[in-house]
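Commentary on secondary and tertiary structure
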Amino acid sequence: MDYKKLALDYHELPRPGKTSVLPTKPFDGQHDLSLAYTPGVAGPVEAIAADGREAYRYTNKGNLVAVVTDGSAVLGLGNVGAVAGKPVMEGKSVLFKLFADIDVFDIEVEAPSTEGFIETVANIAPTFGGINLEDIAAPKCFAIEEALKERLDIPVFHDDQHGTAIVVCAGLVNALEIQGKRLEDIRIVFQGAGAAGIATAKLLCSLGANRDNIVMVDSRGVIHTARDDINIYKQAFAANTPLRSAAEALIDADVLIGLSGPGMISREMIRSMAKRSIVFALSNPDPEITPEEIFEVSDQIVVATGRSDYPNQVNNSLVFPFVFRAALDEKLTTIDASLMTAAVQCLASLARKKVPKEVRKIYPRETLEFGPGYILPKQFDPRLCEHMVGGLKKAISESPAVSGQAD
């Protein structure tokens, strides 16, 4: 099978692209047209001009998210440019709609600078109820998100950072339970110190991980306090340590979180880790080390990847549709660390529940019982939306101030 041709045909036929825009009101004649456009449209315009919050009542703002990219870090393809990132943004739009019934406009921005990108997104933000930043290279992605959060009164969420962090942390919470270890005690090594790695490390610390037990490794080795070549975001995780390589850092480590590239980890490195270790090899499509190679070392290791053809797929689609669904429904102005922590807990708890027969039918070749091969729910588990959104709304209602609810 020529998979590339199959994918190209899928995107081209019977009409190009994966999304379209459909009206939500009847247009059966002149009467409907007069209500939808002139003169009837004057009513909601005047209402919104008097009170901007009425846009949530009379327009699609409250169920509309912008998925925005500059194409500088698209999947594993790198800096392909804004328009080349459009198929991915359209795909993201489909996931928002299918999993959480959220409408999306994908926005591909050609900006001359980071500041230009920020200005562009800020200027179009009134259209939307939320902004999902996507596939933007580090470190500029940090500055972009920080600036937009400061300027806008709608949620801004960089999924490559926080969606990844939430699903990794949820999987790790469950893996630790299975391996009989505690988050506050374990040694964690990150192979990869980009946006996802740094965001995941931050969220783990907020969940109770010991900052001194985290070692991050980038393309030049361990991030340590003597280095003068690291940006301010990596500096937050610079360790005061004599360790200089991933191989050194992994000796007796309990957890490896790979967010780098294929083949970066060897069997010997895995063999040096602590007993009952946990390995998340998340480089996609080719992991840092394959599950087959890991299990050659030991069958007592809990393994996760980013791929759907192995158990324990770590996939952001378990998170972002439902975080935005809750944020839009509750009219939040921001998605903060407290809401992300709640998302971790909601996702982890669903994997511990008994899986119904209808889900097992979707995945007939997998053993869907909480254990080493099942630490995260499946994307097509129909319980996901209700469980995640319900849990997040409960967390918001119990602590509305920390989630920045609009008046």
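Residues numbered from 1 in each chain as written. Predicted model: local features only at pLDDT ≥ 70, side-chain atom pairs only at ≥ 80, totals over all residues. Heavy atoms only, no water.

Geometrically, the link from leucine 13 to proline 14 is a cis peptide bond, its omega value of -5° lying close to zero. If you trace the backbone, proline 14 turns up in the loop between helix H1 (3-12) and helix H2 (30-36). In this model, alanine 138 is joined to proline 139 through a cis peptide bond whose omega is 5°. Look at arginine 276: it is not a glycine, yet its phi comes out positive at around 55°. Relative accessible area serves as the criterion here: at 41%, arginine 276 is assigned to the partly exposed category. Non-glycine residue lysine 331 carries a positive phi angle of around 55°. Structurally, the position occupied by lysine 331 is in the loop between helix H14 (320-329) and helix H15 (337-351). (Helix = DSSP H or I, 4+ residues; strand = E, 2+ residues; numbered from the N terminus. Buried < 20%, exposed > 50% of the residue type's maximum accessible area, 1.4 Å probe, protein only.)

Below, the discussion takes up the packing of helix H8 (residues 159-179) against H15. Two elements in contact, H8 and H15, have axes whose closest approach is 8 Å; the angle formed by their N-to-C orientations is 45°. Taken together, the axes of H8 and H15 are oblique relative to one another. The element H8 and its partner H15 pack so that their crossing is right-handed. Across the interface between the two elements, His162, Ile166, Val167, Cys169, Ala170, Val173 and Asn174 from H8 touch Met340, Ala343, Val344, Leu347, Ala348 and Ala351 from H15. The class makeup of the residues in the contact of H8 with H15 is eleven nonpolar, two polar and no charged. (Axes fitted to C-alpha atoms, helices over the stretch in contact; angles between N-to-C directions. Parallel < 35°, antiparallel > 145°, perpendicular 65-115°, else oblique. Left-handed = near helix turned anticlockwise from the far one by under 90°. Contact = heavy atoms within 4.5 Å. Nonpolar A, V, L, I, M, F, W, Y, C, P; charged D, E, K, R; others polar.)

Glancing now at the packing of aromatic side chains. Using the criterion set out here, one finds six aromatic pairs in the structure. Seen in terms of ring centroids, phenylalanine 99 and phenylalanine 380 are 5.7 Å apart; in terms of plane orientation they differ by 65°. Their pairing is edge-to-face. With phenylalanine 99 in helix H5 (residues 86-100) and phenylalanine 380 in the loop between helix H16 (357-362) and helix H17 (384-398), this pair connects stretches of sequence that are 281 residues apart. Consider the rings of phenylalanine 142 and tyrosine 233, whose centres lie 4.4 Å apart with planes at 25°: the pair is stacked. Here the residue phenylalanine 142 occupies a position in helix H7 (residues 140-151), and tyrosine 233 occupies one in helix H10 (residues 232-235), the gap between them amounting to 91 residues. Like tyrosine 233, phenylalanine 142 is buried. An aromatic cluster is defined as three or more aromatic residues linked by ring pairs; in this entry it consists of Phe96, Phe157, Phe320 and Phe324. (Phe/Tyr/Trp six-rings, centres within 6.5 Å; stacked < 30°, edge-to-face > 60°.)

In contact at an axis separation of 10 Å, helix H9 (residues 195-207) and H15 are set at 80° when each is read in the N-to-C sense. Between H9 and H15, the interaxial angle falls into the category roughly perpendicular. In this structure, H9 contributes Leu203, Ser206 and Leu207 to the contact, and H15 contributes Met340, Thr341 and Val344. Considering only residue class, the contact of H9 with H15 consists of four nonpolar, two polar and no charged.

A few words now on the sheet that holds strand E9 (residues 278-281). Judged by pairing direction, the sheet is mixed, and its six strands sit side by side in the order E7-E6-E5-E8-E9-E10 without closing on themselves. Sheet topology places strand E7 (221-222) and strand E10 (302-305) at the edges, where each strand pairs with a single neighbour. For strand E5 (residues 188-191) and strand E8 (residues 255-258), the ladder comprises four bridges, and the chain directions are parallel. Counted as the bridge partner of isoleucine 188 is valine 255 from E8. The sheet strands contacting H8 are E8, E9 and E10, and the helix crosses E9 at an angle near 155°. (Pairing = 2+ DSSP bridges.)

Here we come to H17. With 15 residues, H17 extends 21 Å between its outermost C-alpha atoms, agreeing within 8% with the 21 Å of an ideal straight helix rising 1.5 Å per residue. Buried residues of H17: Leu384, His387, Met388, Val389, Leu392 and Ile396, and no others. Where H17 is buried, its residues touch H14 and H15. (Expected span 1.5 Å × (residues − 1).)

Next up on the list: the side chain of glutamine 313. Mapped onto the elements of the fold, glutamine 313 is located in the loop between E10 and H14. Here glutamine 379 takes part through its side chain, which lies 3.0 Å from a polar atom of the side chain of glutamine 313. Apart from residues no more than four positions distant in its own chain, glutamine 313 is found in contact with Thr305, Gly306, Arg307, Ser308, Leu318, Leu376 and Gln379. (Polar contact = N/O pair within 3.5 Å; in protein donor to acceptor, adjacent residues only side chain to side chain.)

In short, shape yes, function no, at least from these values alone.
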